[in-house]
Amino acid sequence: MAIISKDSFVSLFRRLRELPAATVDELLRLGEMVHFDSGTTLFRPGDRCQGIGFFLEGEARVFKLAESGREITLYTIAPGETCIMNAACLLSEIDYPAHAETTEKGSALMVPADHFRRLVGTEPVMQKFVYTMFSDRLCLVLELIEEIAFGRLDSRLADYLVERAENGVVRTSHQAIANDLGSSREVVSRLLKDMERRGNLRLSRNLIEIISL
């Protein structure tokens, strides 16, 4: 039995508010609450998906890893969201094609694959939830591809930070940077976090400390 109330769940997953009460009860009854630490591997390429996680707390990122060791983050998963690549694997019965790893301590409601497939097949609200997530993620990934292929936003971002740093510190928001660079906050945040993981930056609220760029 999942340790989360029905009201709390639909408040977090607003796109599922129109699900019938009995369906939400069943979802919570069949789901398993799992807790994870930061740095926990959720999926590797080739893994089979036995269920899908509805994130309640914490954050994870989905990324591709090249043979050279270079990583590129495709998207992040926050509370109130699920991994759309995970959903695609369950619905198409294919293996997971990327890496998924938690970046913050948190928890998720793990729903068994068969139950999730049945919900998507019978509940219009769940169908809309999945299709909307697909659309949102596809737009973000396409934007990322465009920036990498044509804009070299990572280089522009590094130059931007160096130019505006005072004593190695830039005081601004991710949204402000995105506005200045003509990009979106999601893409800028993803690139900044990748830089932080590589040891180039240290991030905190409205403050970016440059370590090496």
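Residues numbered from 1 in each chain as written. Predicted model: local features only at pLDDT ≥ 70, side-chain atom pairs only at ≥ 80, totals over all residues. Heavy atoms only, no water.

Draft legend 1. Examining the overall build of the protein more closely. Assigned secondary structure in the protein consists of 8 helices and 8 strands. Each of the 213 residues in the protein was classed as buried or not, and the buried ones make up 44%. In the protein, 69% of the contacts between residues at least 6 apart in sequence involve partners at least 24 apart. Counting every atom, the protein has about 11,400 Å² of accessible surface; 49% of that belongs to carbon and sulfur. (Helix = DSSP H or I, 4+ residues; strand = E, 2+ residues; numbered from the N terminus. Buried < 20%, exposed > 50% of the residue type's maximum accessible area, 1.4 Å probe, protein only. Contact = heavy atoms within 4.5 Å. Areas by Shrake-Rupley, 256 points an atom, 1.4 Å probe, with all protein chains shown as cover.)

Draft legend 2. Inspection of the side chain of Ser 184 at higher detail. Relative to the elements of secondary structure, Ser 184 occurs in the loop between α7 (174-181) and α8 (185-197). Assessed through its relative accessible area of 14%, Ser 184 is described here as buried. Not counting residues up to four positions away in its chain, the partners in contact with Ser 184 are Glu 143 and Ala 178.

Draft legend 3. Spotlight on the sheet that holds strand β7 (residues 201-204). One open sheet accounts for 3 strands, arranged β6-β8-β7; its pairing is antiparallel. The strands lining the two open edges of the sheet, one partner per strand, are β6 (169-170) and β7. (Pairing = 2+ DSSP bridges.)

Draft legend 4. The arrangement of the nonpolar core in detail. Counting 43 residues, the largest nonpolar core has Phe 9, Phe 54, Val 62, Tyr 96 and Phe 116 as the members making the most contacts within it. The leading source of residues in this core is strand β3 (residues 51-65), at 6 residues. Setting aside its immediate chain neighbours within four residues, Phe 116 contacts Ile 52, Phe 54, Ala 87, Leu 90, Leu 91, Val 111, Met 126 and Val 130. With 18 residues, the next largest nonpolar core counts Leu 161, Ile 177, Leu 181 and Ile 208 among its residues. (Core = buried A, V, L, I, M, F, W, Y, C linked by side-chain atoms within 4.5 Å.)

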